[in-house]
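# Descriptive analysis of the structure
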Amino acid sequence: MTSLTGTGTLVRLILRRDRVLMPIWMLCMALLPLGLASGTASLYPTDAGRQGYIDSLAASPMLLLFYGQKPAEPSLGALIFWRSATGIVIMGLIGLLVVIRHTRVEEEAGRRELLGSAVVGRHAALTAAVLTVSGASLVVGVLVALGMISQQTPASGAFAMGFAWAFAGILYAGVGALAAQLTTGAGTARGIAGAVLGLDFLLRGVGDVSGGGLTWLAWATPLSWVYKVHAYTDDRWWLFALCAAVAVVLAYAALRLSARRDLGAGLLPPRLGPATASASLSSPFGLAWRLHRGSLLGWTIGLGVVGGVLFGGVAKTASSLLEGNGQLTEIMERIGGKSVASDIFVGGSLGIGAIAVAAYGISAALRMRTEEAALRSEPVLSAGVGRLRWAAGHLTFALLGPTLVMAATGLFAGLVYGASTGEIGRQVPRVIGAALVQMPAVWLLTGLTVAAYGLLPRLSPAVGWVALSLCVLLGQVGAALQLDQLVLDVSPFTHIPHLPGPAAVPATPLLVLTALAAALTAAGLAALRNRDIPVT
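All of the points below concern the structure found in this document. (Residues numbered from 1 in each chain as written. Predicted model: local features only at pLDDT ≥ 70, side-chain atom pairs only at ≥ 80, totals over all residues. Heavy atoms only, no water.)

This part takes up the overall build of the protein. Each helix and strand counted, the protein has 24 helices and zero strands in total. Here the protein has a C-alpha radius of gyration of 24 Å; the compact-globule value for 536 residues is 24 Å, and the two agree. On the principal axes, the C-alpha backbone points of the protein span a range of 65 × 55 × 40 Å. Split into buried and exposed, the 536 residues of the protein put 50% on the buried side. In the protein, of all internal contacts separated by at least 6 residues, the share reaching a separation of at least 24 is 76%. Put simply, the protein shows about 22,800 Å² of open surface, and 68% of that area lies on carbon and sulfur atoms. Averaging the coordinates of the 35 positive side-chain charges in the protein and doing the same for the 24 negative ones gives two points 10 Å apart. (Helix = DSSP H or I, 4+ residues; strand = E, 2+ residues; numbered from the N terminus. Rg over C-alpha atoms; globule rule 2.2 N^0.38 Å. Buried < 20%, exposed > 50% of the residue type's maximum accessible area, 1.4 Å probe, protein only. Contact = heavy atoms within 4.5 Å. Areas by Shrake-Rupley, 256 points an atom, 1.4 Å probe, with all protein chains shown as cover. Lys, Arg positive; Asp, Glu negative; His and termini not counted. Charge placed at Lys NZ, Arg CZ, Asp CG, Glu CD.)

In this section: the packing of helix α10 (residues 155-179) against helix α13 (residues 238-259). Across the interface, α10 lies against α13 with an axial gap of 8 Å and an inter-helix angle of 20 degrees. In terms of their interaxial angle, α10 and α13 are classed as roughly parallel. In the packing of α10 onto α13, the handedness of the crossing is left-handed. Where α10 approaches α13, its residues Ala-160, Phe-163, Ala-164, Phe-167, Ile-170, Leu-171, Gly-174, Val-175, Ala-177 and Leu-178 are matched on the opposing element by Phe-240, Cys-243, Ala-244, Val-246, Ala-247, Leu-250, Ala-253, Ala-254 and Leu-257. A class-by-class count of the residues in the contact of α10 with α13 yields 18 nonpolar, one polar and no charged. (Axes fitted to C-alpha atoms, helices over the stretch in contact; angles between N-to-C directions. Parallel < 35°, antiparallel > 145°, perpendicular 65-115°, else oblique. Left-handed = near helix turned anticlockwise from the far one by under 90°. Nonpolar A, V, L, I, M, F, W, Y, C, P; charged D, E, K, R; others polar.)

A word on the environment of Ala-358. With respect to the helices and strands, Ala-358 occurs in helix α17 (residues 341-373). Sequence spacing of Ala-358 and Ala-37 is 321 residues, and the spatial spacing of their C-alpha atoms is 26 Å.

This part is about the side chain of Glu-371. For Glu-371, the position within the fold is in helix α17. Leaving out residues up to four positions away in the same chain, Glu-371 has contacts with Leu-291, Arg-376, Ser-377, Trp-390 and His-394.

As a further point, take a nonpolar patch on the surface. A surface patch of nonpolar side chains, about 350 Å² in accessible area, is lined by Val-139, Val-142, Leu-143, Leu-146 and Ile-149. Along the chain, Ile-149 turns up in helix α9 (residues 124-149). For Ile-149, a relative accessible area of 30% gives the class partly exposed. (Patch = residues over 30% accessible without salt bridge, like charges linked within 9 Å, V, L, I, M, F, W, Y side chains within 5 Å. Salt bridge = Lys/Arg side-chain N within 4 Å of Asp/Glu carboxyl O.)

Okay, α13 next. A rise of 1.5 Å per residue sets the reference length of α13, with its 22 residues, at 32 Å; its end C-alpha atoms lie 32 Å apart and thus fit the reference within 8%. Turning to α13, its buried residues are Leu-239, Phe-240, Cys-243, Ala-247, Leu-250, Ala-251, Ala-254 and Ser-258. End-on view of α13: buried residues confined to an arc of 110 degrees, all on one side of the axis. For α13, exposure combined with an orientation more than 90 degrees from the buried face picks out Trp-238, Ala-241, Val-248, Val-249, Tyr-252 and Arg-256. Turning to α13, the residues buried within the fold contact α9, α10 and α12 (222-227). (Expected span 1.5 Å × (residues − 1). Arc of directions from axis to C-beta.)

Attention now moves to the state of the cysteines. Scanning all chains against the criterion turns up zero disulfides. Counting only cysteine sulfurs, Cys-471 is the nearest neighbor of Cys-28, a cysteine outside any disulfide, at a range of 11 Å. (Disulfide = S-S within 2.5 Å.)

Another point: the nonpolar core. Grouped together as the largest cluster of nonpolar side chains are 72 residues, with contacts concentrated most on Trp-25, Trp-82, Ile-88, Met-148 and Met-161. Of the residues forming this core, the biggest block, 14 residues, is contributed by α10. Within the second largest apolar cluster, 51 residues are counted, among which are Ala-413, Ala-441, Val-450 and Leu-510. (Core = buried A, V, L, I, M, F, W, Y, C linked by side-chain atoms within 4.5 Å.)

The next point concerns the packing of aromatic side chains. Here the structure, examined in full by the defined rule, presents 10 aromatic pairs. Measuring from ring centre to ring centre gives 6.3 Å for Phe-159 and Phe-163, while their planes differ by 35 degrees; the resulting arrangement is tilted. A residue pair is termed a helical-turn pair when its members lie 3 or 4 positions apart in one helix, as Phe-159 and Phe-163 do in helix α10 at four residues. Here Phe-159 falls in the partly exposed class, since its relative accessible area comes to 28%. Using a relative accessible area of 25% as the deciding quantity, one classes Phe-163 as partly exposed. Between the aromatic rings of Phe-285 and Phe-397, the centroid separation amounts to 5.6 Å while the plane-to-plane angle is 20 degrees, which identifies the pairing as stacked. Taken together, the residues Phe-285 in helix α14 (residues 284-315) and Phe-397 in helix α19 (residues 387-421) connect sequence positions 112 residues apart. For Phe-285, a relative accessible area of 45% corresponds to the partly exposed category. By the ring-pair criterion, three or more aromatic residues cluster together here, those being Phe-159, Phe-163, Phe-167, Trp-237 and Phe-240. The residue whose ring lies beneath Arg-204 is Tyr-227, and the NZ or CZ to ring-centre distance is 4.1 Å. Directly above the ring of Tyr-453 sits Arg-531, whose terminal nitrogen or CZ lies 4.8 Å from the centroid. (Phe/Tyr/Trp six-rings, centres within 6.5 Å; stacked < 30°, edge-to-face > 60°. Lys NZ or Arg CZ within 6 Å of the ring centre and 35° of its normal.)

Below you can see the structure in the form of structure tokens.
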């Protein structure tokens, strides 16, 4: 028996457990650049049109922060690699989250100790997690490449783009594996790995935007190297060797650190808490606040502040992007409504932000399932706390938390947009209203997750994330592919009134969506009152 004994078996176990979620995120990531390429090819069929589009986007420092340096040539492939560069960050985020899920989360729940009692080597679980994520990332890369080839782009550039996406997932799978060795809590491990990804992104962005003496920052991190592949223009294949070397070093370091700690422990000593609980933990709501406050703060800062500033900052340049391009204007109108170009852009951006906020609402609702599966809900319920009262604490953050995030997004977008136009007093309430009008669709997805948790608790994660994935595909890829409106209407976000704009807001779709969300939530709570707890 060696330290890697049982690795293959654990890989199959991970694939078995993630047989629903893994294909979903792989398919979504593979289809996003394909949908963007298909829509862009019809909107900008000539090099001159694409060059004008690139120049308009590159005029905004905030977009350069997200996309990196503009491509040296206006080919379709180069434009798509540049425009979809945020997919690289998403791949990195998925990589670190999945590795932590199958390493530190397993230790925290006690399942890793159970597996360790069988014929399983000490490093088998960590190796299996890294190998599985790396393999899934490579499959996504190949699918991205094949999708780009189907759009008549050169194969060499297509595979350079695909491998860039793949290595983003592989590199930050190593970061996640390393973070999982440092702390006893999965949440803290996610925070450490996410902070590393965020810092890498910020350094790369500052280097690309500032120029001058800070240009070296654009090469300072592994994430920068993935951006610097410059698919379809330079095709720097040698950077993949450098990325692979760093990924191996990260995985090896994680294995070495794993050998130096006890199972269930972390290398960083845990912070000791007080001997007695504070008064704020004497109620189910206080406990829910303690569990949800980190996520709420992260989402408020990440999307509410950063996203709001980005949406508001780019809105002023929207008119130059839409000017003279009827097809692009039509697509944006399907997302953001019929209004002036800047209002269309703000409305469309807030619609995309609302889909992201729905992910927060779903994850907050699923915290009830996490607490139940980890057997932490039973002690609370045995202390004279009713099930509905316990669930109400979590639902407060699942329903009102996304509302707060969207309000912050609208506030900062309105402030930045209003400052650029000199109409802060007029734009702030308009943009906040456009943000909050999205909430019935967000509540509907949260309510669907709550209903699944009450009725089918084991399938509730799959139900929530599959529904969100469908909304992403219909809202982003569907609009670009100009699918029939009946197909797009499957997504609740399609029925949200388009704001900001001069037209009156129709109340009927908002009331219907809110009523459906309330009915689904009530059905889930009614089922929770009458079923066994826990369902493991």
